[in-house]
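What the coordinates show
The residues making up each chain are set out below.
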Amino acid sequence: MSKDSKISICITTYQRYDLLFESFAKVYDDERISEIVIVDDASDLEIFEKIREKCFNLPKVKLYRNAQNRDC
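The notes below deal with the structure included here. (Residues numbered from 1 in each chain as written. Predicted model: local features only at pLDDT ≥ 70, side-chain atom pairs only at ≥ 80, totals over all residues. Heavy atoms only, no water.)

To continue, consider the packing of aromatic side chains. Applying the stated criterion to the full structure yields three aromatic pairs. For the pair Phe24 and Tyr28, a centre-to-centre distance of 6.3 Å together with 45 degrees between the ring planes defines the contact as tilted. Comparing Phe24 with Tyr28 shows no difference in burial state: the two are buried. Members of the aromatic cluster, each reached through a chain of ring pairs, are Tyr17, Phe21, Phe24 and Tyr28. Between the NZ or CZ atom of Lys50 and the centre of the ring of Tyr17, over which it lies, the distance is 4.3 Å. Directly above the aromatic system of Tyr28 lies the positively charged group of Lys60, at a separation of 5.3 Å from the ring centroid. (Phe/Tyr/Trp six-rings, centres within 6.5 Å; stacked < 30°, edge-to-face > 60°. Buried < 20%, exposed > 50% of the residue type's maximum accessible area, 1.4 Å probe, protein only. Lys NZ or Arg CZ within 6 Å of the ring centre and 35° of its normal.)

Below, the structure written as structure tokens:
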């Protein structure tokens, strides 16, 4: 991998608020990571809102939500 190469991380989640952020906490500040794409698979709205609030201050994170559960 060249020095200019960037890495995108893609994470699927369902009802896993705490585990979600643990899954990338150690690599978030790595300069090789350009983005972290999270796809929520129609978790309960309360959980999704908590995820969205926490992602608001994480510029590398792009959050998406499936309208219905599609099984990760």
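Let's pick the thread back up.
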